[in-house]
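Topology and contacts: notes
Here's the letter readout for the chains.
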Amino acid sequence: MNLAVKIGDLEFKNPVMTASGTFGYGPEFEDFIDINRLGGIVVKGTTLHHREGNAYPRMAETPSGMLNAVGLQNKGVDVFCNDIYHKIKHYDTNIFVNVSGSTIEEYIETAERINELDHIPGIELNISCPNVKEGGMAFGTSCPSAVAVTHAVREVYKKTMVVKLSPNVTNIAEIAKAVEGVGADGVSLINTLLAMAINAETKKSVLSTITGGLSGPAIKPIALRMVWQVAQAVKIPIIGMGGIMNATDAIEFMLAGSTAIQVGTANFIDPAVTIKIIDGIEDYMRRHKIDDVNDLIGGML
Amino acid sequence: MNLAVKIGDLEFKNPVMTASGTFGYGPEFEDFIDINRLGGIVVKGTTLHHREGNAYPRMAETPSGMLNAVGLQNKGVDVFCNDIYHKIKHYDTNIFVNVSGSTIEEYIETAERINELDHIPGIELNISCPNVKEGGMAFGTSCPSAVAVTHAVREVYKKTMVVKLSPNVTNIAEIAKAVEGVGADGVSLINTLLAMAINAETKKSVLSTITGGLSGPAIKPIALRMVWQVAQAVKIPIIGMGGIMNATDAIEFMLAGSTAIQVGTANFIDPAVTIKIIDGIEDYMRRHKIDDVNDLIGGML
Amino acid sequence: MTSNTELSKKYVELLKVINNRTVNKDYYILEVECSHDISNILPGQFVELLVEDTRNAFLRRPISIYDVHPERNTMDLLIQIVGEGTRLLSKLKKGDYVDVMYPLGKSFSIIDSGKKALLVGGGVGVAPLLYLAKKLQKNNVEVHILLGGRGNDNIIETSNFKKYGKIYVSTEDASIGEKGFVTQHSIMQESDFDMIYSCGPDPMMRAVAKIASQNNINCEVSLENMMACGIGACLCCVTPTTSGHQCVCTDGPVFNTEVLEWNK
Amino acid sequence: MTSNTELSKKYVELLKVINNRTVNKDYYILEVECSHDISNILPGQFVELLVEDTRNAFLRRPISIYDVHPERNTMDLLIQIVGEGTRLLSKLKKGDYVDVMYPLGKSFSIIDSGKKALLVGGGVGVAPLLYLAKKLQKNNVEVHILLGGRGNDNIIETSNFKKYGKIYVSTEDASIGEKGFVTQHSIMQESDFDMIYSCGPDPMMRAVAKIASQNNINCEVSLENMMACGIGACLCCVTPTTSGHQCVCTDGPVFNTEVLEWNK
Ligand SMILES: Cc1cc2nc3c(=O)[nH]c(=O)nc-3n(C[C@H](O)[C@H](O)[C@H](O)COP(=O)(O)OP(=O)(O)OC[C@H]3O[C@@H](n4cnc5c(N)ncnc54)[C@H](O)[C@@H]3O)c2cc1C
Ligand SMILES: Cc1cc2nc3c(=O)[nH]c(=O)nc-3n(C[C@H](O)[C@H](O)[C@H](O)COP(=O)(O)OP(=O)(O)OC[C@H]3O[C@@H](n4cnc5c(N)ncnc54)[C@H](O)[C@@H]3O)c2cc1C
Ligand SMILES: Cc1cc2nc3c(=O)[nH]c(=O)nc-3n(C[C@H](O)[C@H](O)[C@H](O)COP(=O)(O)O)c2cc1C
Ligand SMILES: Cc1cc2nc3c(=O)[nH]c(=O)nc-3n(C[C@H](O)[C@H](O)[C@H](O)COP(=O)(O)O)c2cc1C
Ligand code: FES
Ligand code: FES
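Since this is a predicted model, take the numbers as computed values, not measurements.

1. A few points about the overall build of chain C
Helix and strand counts for chain C stand at four helices and 16 strands. Dimensions of chain C along its principal axes, counting C-alpha atoms only, are 50 × 40 × 35 Å. The buried share among the 264 residues of chain C stands at 61%. The long-range fraction of contacts in chain C, counting pairs at least 24 apart against all pairs at least 6 apart in sequence, stands at 63%. Looking at chain C as shown, the accessible area adds up to about 10500 Å², and 47% of this sits on carbon and sulfur atoms.

What follows is the structure, encoded as structure tokens:
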């Protein structure tokens, strides 16, 4: 049975990855799972400079989902390269760095630094973070700006580059096509949906930033639709995500057109969920007599 | 204690209305509630001609929500005016007709017919239905087309006209502002989010139309955010909706900037929910010593 | 022949669970006590159950009324565990309360005294047929009941059905009764029935309807379309009929197969 | 003084409920049996409970470890019903299983033998203090425990706390103990404590910390920030400290108040 899939030239031992911002850097989950079994991990959003992120509170629970407004808290690309990288580079899985910035120059510089790291085979260009004042989602909600940043980073980043798309747009397929046109090896979707929560008793917004990003099963039907739309518009591989909680959800995303999938919020509820999803996909393939997981991709009848 | 609110010149005895497509025409709920207690009801989407709607299956349950792809099944405006209207015109509540069309001409003709009905004080212009091939959402996802249809209907429709906005856009505030500019008395939001569901076992899409509209508590955080954004952009009243299940939810929408609210999917789960929401708002006002419900509107601290 | 065209007054309320009887690992029977008079409930009508404390089963679950006990004002609901909702409802215990909307939908027609009826149920599709058999027998109709299923485990409650008519059984694996689909059962060949009533999987009902039509027998089926509201408000549960899309929840769930456009 | 800096190995598994004891209408104590050795669990650590069969409480619920019984390998969790999650968990019965991630977070420091400690708990904030009192007493620390609450109903488990130290009580409505906030209690004026440990509502802990600092007493508090993951992966639970945003779930929940930037 073959579980391996490819994005650009890069092979993944299976289609199951972890989503940026929901899996730390990996070590956080070592007590619960064997990291080396994963198809890939995408580490926390990384920026050129250290960021403290937004003020607390940054989280709200919502029906079948959650809001977050972390705001890209991270120690900056130098600490990543000099410290964190060395703690995780031994993992036998594809480690992607999720790269973010407030300006195109920041994206470029960060990607250049990551390009030097031997054991990082790819980046995920985050042009869809709804939780930062500058940059982030602003890049991902119009074709010209998405093209500009993708094109600029492509010039300096030589390995696998996936662009992470924002769902907060009228036409996500159009943006996917645009970044495909300037050299993205793949697109990943969806990032969180811009949303908010209010506490009726205190009359205050729950998050310090008022709005935040919605993730979890609540958004799965929207994510699935967007993956399906993008699959009809582009030829490059899609990494699908948004509310995947189990193998059945993962298979639905593959049938809609995803080559690989990412698991985000579900890691909080069950830190061993990724392994269960890998096992569940195998089980499904056995039951349905499917030898190659690639046969699932876009296989919706 | 005052519960009455106003949209344009029209007074509502309280801010609680029912959402189009989720309450039939009213009689369906007579066994469960006293219709006359409602602030208003918005009847099923009405078009110039009879429509059979989409093929079955038209519904899927999703985490904390549901998809529908009814596709504006209705008997057409003539049957509404000659038959249905006479069965509901005695209700002591504001009956709005939700008007839809495939072309601007159809919107105009339908609105003209409704304009003649004495006991219909307003229409809700539906430029956001995601479940029809032509028209519907297409009008609501760009400013020029939203303006064109709103402007055209405004010319012929003389009573209260509310425009129902689509959430499937990059910038909903911009579209709200645009329709405000051409004479909308208010905006209502949100219609359903375009979404889909797949059955992994059969590999088939669950809905006959592949995509459908997502409603229910899953979308509440997105709806709340959009209401808040629109409230900062326009001066006309907002009717907020999306996942309202109880009085607390309703109050959150008012705090975010809604003058009135609509209850949709919740009617399916508890046919008496609207009355509980009215009672719950009163209870909240008593507890918080608020005399006028209008003091809640946009009252987020 | 009488048929119910007027819908009866509907209620939504918390009903007390009087009993939750396990039939086998897949089936259970909930008996709930109503606070309103239920003696006028008709066979084929259904209820909508709310699964409390969860959003895993967000919408109500439609379940047929299996039996009515006017003497203690209770109804029985025969439920098969197929997913989250029916699994969570199976945990209800005597004394618990469950939120029920009832009675919903239109009923089977009751044919005239002295006539002869065949009831064909597949799997949990037998649910609406017991109360129908009871009512038919009361009207002195000659009742024949064919119960079909994949295997032994799907043939349930025969001893209960036996009280109201003659029982026939078929299973696909031949574990009990004749081997094969219900439509292959010998009783289906008999053409002197005045009405065939059927409930079960869609393909089964279509096959039954076809045989009925070949034999010129009137046929009523109870459809199980996906429902959101159960009261004609959402238009999700439609089936194509000779007069266009009709709601299974209010125009049905029982339809005469003549009006169904099953090839649409 | 010892403090735990290394995090112990964490598990996620179904634990058997040995007992669910109702304290009063708002509080209950779950006793769960662990399959791994728990004798090294430290006071101040917590668990994350999954509320099964529902999406009404979607994320896990963080709950302090109230007591540890190494002799039967169980832990006690003292839980207050405040919303859906804690209400649904209150329905767990002896013999049920509950999905638990444990042990999480860093512990209180245990001051040296012969020293004198004041433990200040408000409402359900007493939860992590019992096991702390037990460990301090074992280390021959002189333990004083101040329990505060709105009224009688919020002062719970005093007989249990009594075993490990001297008890003081204050209630806002004067229904039991001294009247007023815990910080107004006379014991708070004594300045010869070597450490004040506190857990309770944020404003209370801030007030306690202020008094401690005025009296030059070391002070540790256990924070209850909103958590999504409980293991340092999501960065949702941060609190501002002298070294920037730190995670309450892994850098805490226990912090020395000196490092907290409570005015930020
Ligand atoms: C009028 C009517 C009468 C019925 N009577 C009975 C009965 O007496 N006993 C019984 O066991 N079952 C009956 N059913 C079927 C029952 O409603 C479904 O089995 C149940 O809703 C499944 O819920 P679940 O959460 O367990 O499964 P899910 O995991 O939600 O779904 C499993 C399958 O059940 C069906 N289903 C799910 N939701 C609905 C819905 N809202 N409406 C219709 N079908 C749905 C779908 O085919 C789905 O694939 C009846 C259905 C209808 C429409
Ligand atoms: C480290 C730590 C230890 C705790 N120890 C205990 C304990 O021993 N006993 C006890 O009864 N409670 C304890 N709590 C608080 C407990 O986690 C909340 O009361 C519980 O999560 C509320 O869940 P709910 O669904 O009942 O209420 P909800 O309706 O979800 O919320 C009610 C309130 O609880 C708080 N809350 C909700 N979700 C979370 C979350 N994920 N993380 C933190 N707070 C939340 C919020 O302030 C919210 O307003 C602890 C919290 C933390 C962070
Ligand atoms: C707490 C949290 C932090 C996140 N941080 C990032 C991030 O740094 N970069 C990024 O591209 N996406 C981030 N995301 C988005 C997720 O990677 C993912 O796109 C989204 O959560 C949808 O998937 P899910 O529903 O499976 O969680 C974050 C999500 C959460 C919940
Ligand atoms: C079954 C169904 C049918 C609907 N039909 C219409 C319609 O005809 N016209 C319209 O403007 N909105 C329609 N809607 C959208 C609702 O009016 C409402 O905007 C949406 O459901 C969000 O609110 P809710 O989450 O409270 O349901 C429909 C929604 C549902 C679930
Ligand atoms: S289920 Fe809503 S109309 Fe039938
Ligand atoms: S709760 Fe996720 S980092 Fe603390």
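What follows picks up the thread again.
2. Here's the deal with the sheet that holds strand β9 (residues 160-164) of chain B
The sheet built from eight strands closes into a barrel, its strands ordered β3-β4-β7-β8-β9-β10-β15-β16 (chain B) with parallel pairing. Averaged over neighbouring strand pairs, the angle between their axes works out to 25 degrees when direction is ignored.

3. Regarding the site of ligand 3
Taken together, the neighbourhood of ligand 3 is formed by 22 residues, with Ser20, Lys164, Gly216, Gly243 and Thr265 of chain A sitting nearest. Near ligand 3, the surrounding residues belong to chains A and D. The side chain of Asn126 of chain A places a nitrogen or oxygen atom 3.0 Å from an oxygen atom of ligand 3. Alone, ligand 3 offers 610 Å² of accessible surface; in the complex the protein occludes 98% of this.

4. Description of the pairing of strand β7 (residues 97-104) of chain D
Residues and elements named next belong to chain D. In terms of burial, β7 is a largely internal element, seven of the eight residues being buried. Here strand β1 (residues 11-24) pairs with β7 via six bridges, running antiparallel. From the neighbouring strand, Lys16 faces β7, where its bridge partner is Tyr97. In the sheet, strand β3 (residues 46-49) pairs with β7 via three bridges, with the strands oriented antiparallel. Each residue of the ladder has a partner; that of Phe46, found in β7, is Leu104.

5. A word on the site of ligand 1
Residue and element names in this part refer to chain C. Taken together, 21 residues are adjacent to ligand 1, and Pro62, Leu78, Gln80, Gly85 and Thr86 come closest. Separating an oxygen atom of ligand 1 from a backbone N or O atom of Gln80 is a distance of 2.7 Å. Protein contact buries 79% of the 850 Å² of open area that ligand 1 shows by itself. Put simply, the parts of the chain that give the shell around ligand 1 at least two residues each are β4 (61-64), β6 (74-80) and α1 (84-89). Sort the elements by how many residues they give to the shell around ligand 1 and β4 lands first, with four residues. Looking at which domains feed residues into the shell around ligand 1, each of domain 1 (11-104) and domain 3 (223-264) supplies at least three.

6. What to know about the relation of the copies chain B and chain A
Both copies of the chain are placed relative to one another by a rotation about an axis and a shift along it. Turning chain B through 180 degrees and shifting it by 0.0 Å along the axis lays it on chain A, with an RMSD of 0.0 Å. Such a turn and shift between the copies fits a two-fold axis. Taken as a fraction of all interface residues of chain B, those also at the interface in chain A reach 100%, which identifies the copy contact as same-surface.

7. Some points on the packing of aromatic side chains
Within the structure shown, the criterion is met by 14 aromatic pairs over all chains. Ring geometry for Phe108 of chain D against Tyr197 of chain D: centres 5.6 Å apart, planes inclined by 90 degrees, an arrangement best described as edge-to-face. Of this pair, Phe108 of chain D sits in the loop between β7 and β8 (116-122) while Tyr197 of chain D sits in strand β12 (residues 195-199); the two residues are 89 residues apart in sequence, bridging distant segments of the chain. Since its relative accessible area comes to 0%, Tyr197 of chain D is described here as buried. Here the basic side chain of Lys116 of chain C rests over the ring of Phe193 of chain C, its NZ or CZ set 5.0 Å away from the ring centre.

8. Considerations on the interface of chain B and chain A
Counting residues at the interface gives 44 residues for chain B, matched by 44 residues for chain A. In total, about 3700 Å² of surface goes out of reach between chain B and chain A, with carbon and sulfur atoms giving 69% of it. Taken as a group, Met196, Ile198 and Lys203 of chain B account for 18% of the area that chain B buries against chain A, more than any other trio of residues on that side. Taken together, the connections running from chain B to chain A amount to two salt bridges. A salt bridge links Glu201 of chain A to Arg287 of chain B; the shortest N-O distance between them is 3.0 Å. On the surface where chain B and chain A come into contact, there are 14 residue pairs in polar contact (both at pLDDT 80 or more). Looking at the side of chain B that touches chain A, the element that brings in the most residues is helix α5 (residues 220-233) of chain B, giving six residues.

9. Quick word on the side chain of Thr93 of chain B
All names here are of chain B. Examined against the element boundaries, Thr93 turns out to sit in the loop between α1 (77-88) and β7 (94-99). Only 2.7 Å separates the side chain of Thr93 from the backbone oxygen of Leu38, close enough to count as a polar contact. For Thr93, the contacting residues outside a window of four places in its chain are Ile35, Leu38, Gly39, Gly40 and Ile41.

10. Here we look at the nonpolar core
Note on soluble globular proteins: their nonpolar side chains tend to be buried together. Among the nonpolar cores identified, the biggest contains 306 residues, and Phe80 of chain A together with Phe80 of chain B are the most heavily contacted of them. For this core, the element with the most residues is α5 of chain B, which contributes eight residues.

11. Quick notes on the pattern of salt bridges
Counted by the stated rule, this structure contains 48 salt bridges over all chains. The partner of Asp192 of chain D in a salt bridge is Lys116 of chain D, and the shortest N-O contact between them spans 2.8 Å. Of this pair, Asp192 of chain D sits in the loop between β11 (178-179) and β12 while Lys116 of chain D sits in strand β8, placing them 76 residues apart in sequence. Classification of Asp192 of chain D as partly exposed rests on a relative accessible area of 44%. Several salt bridges share partner residues, and in doing so they unite Asp53 of chain C together with Glu84, Arg87 and Lys91 of chain D into one network.

12. Things to note about the packing of helix α6 (residues 220-233) of chain A against helix α7 (residues 247-255) of chain A
All names here are of chain A. Between α6 and α7, whose axes approach to 9 Å, the crossing angle comes to 25 degrees. As far as their axial angle goes, α7 and α6 are roughly parallel. Where α6 approaches α7, its residues Lys220, Ala223, Leu224 and Val227 are matched on the opposing element by Asp249, Glu252 and Phe253. Residues of the contact of α6 with α7, tallied by class, amount to four nonpolar, no polar and three charged.

13. Points about helix α2 (residues 127-138) of chain D
Since there are 3.6 residues in each turn of an α-helix, residues three or four apart along the chain are aligned in direction. Taken as a whole, α2 of chain D has its buried residues at Ala127, Pro128, Leu129, Leu130, Tyr131, Leu132, Ala133 and Leu136 of chain D. At the C-terminal side of α2 of chain D, Asn140 of chain D shows a positive phi close to 60 degrees.

14. Some details on the domain arrangement of chain C
All names here are of chain C. According to the domain assignment, chain C consists of domain 1 (11-104), domain 2 (116-222) and domain 3 (223-264). One C-alpha centre belongs to domain 1, the other to domain 3; they are set 22 Å apart. For the pair domain 1 and domain 3, the summed buried area comes to about 610 Å², and 66% of that belongs to carbon and sulfur atoms. On the surface where domain 1 and domain 3 come into contact, there are zero salt bridges. For the pair domain 1 and domain 3, the number of links is zero residue pairs in polar contact (both at pLDDT 80 or more). Where the side of domain 1 that touches domain 3 is concerned, the elements lending two or more residues are β3 (46-49) and β7 (97-104).

15. Structural notes on the environment of Gln80 of chain C
Residues and elements named next belong to chain C. Within the secondary structure, Gln80 is located in strand β6. Once the C-alpha coordinates of Gln80 and Val169 are considered, the two residues, 89 residues apart in sequence, prove to be 19 Å apart. Gln80 has contacts with Asp26, Tyr27, Thr86 and Val124, leaving out every residue within four places of it along the chain.

16. Quick notes on the side chain of Thr47 of chain A
Residue and element names in this part refer to chain A. With respect to the element layout, Thr47 can be found in the loop between β4 (40-46) and β5 (59-62). The class for Thr47 is buried, based on a relative accessible area of 3%. One polar contact links the side chain of Thr47 to the main-chain carbonyl oxygen of His49, over a distance of 2.7 Å. Side-chain polar atoms of Thr47 contact the side chain of Asn74, separated by 2.8 Å. Among residues more than four places away in sequence, those in contact with Thr47 are Leu72, Asn74, Gly76, Val77, Ser100, Gly101 and Thr110.

Criteria and thresholds
- Residues numbered from 1 in each chain as written.
- Chains lettered and ligands numbered in written order.
- Predicted model: local features only at pLDDT ≥ 70, side-chain atom pairs only at ≥ 80, totals over all residues.
- Heavy atoms only, no water.
- Helix = DSSP H or I, 4+ residues; strand = E, 2+ residues; numbered from the N terminus.
- Buried < 20%, exposed > 50% of the residue type's maximum accessible area, 1.4 Å probe, protein only.
- Contact = heavy atoms within 4.5 Å.
- Areas by Shrake-Rupley, 256 points an atom, 1.4 Å probe, with all protein chains shown as cover.
- Pairing = 2+ DSSP bridges.
- Axes fitted to C-alpha atoms, helices over the stretch in contact; angles between N-to-C directions.
- Near = heavy atom within 4 Å.
- Polar contact = N/O pair within 3.5 Å; in protein donor to acceptor, adjacent residues only side chain to side chain.
- Domains from an automatic or database assignment.
- Least-squares fit on C-alpha atoms with pLDDT ≥ 70 in both.
- Phe/Tyr/Trp six-rings, centres within 6.5 Å; stacked < 30°, edge-to-face > 60°.
- Lys NZ or Arg CZ within 6 Å of the ring centre and 35° of its normal.
- Buried area = accessible area lost by both parts, 1.4 Å probe.
- Salt bridge = Lys/Arg side-chain N within 4 Å of Asp/Glu carboxyl O.
- Core = buried A, V, L, I, M, F, W, Y, C linked by side-chain atoms within 4.5 Å.
- Parallel < 35°, antiparallel > 145°, perpendicular 65-115°, else oblique.
- Nonpolar A, V, L, I, M, F, W, Y, C, P; charged D, E, K, R; others polar.

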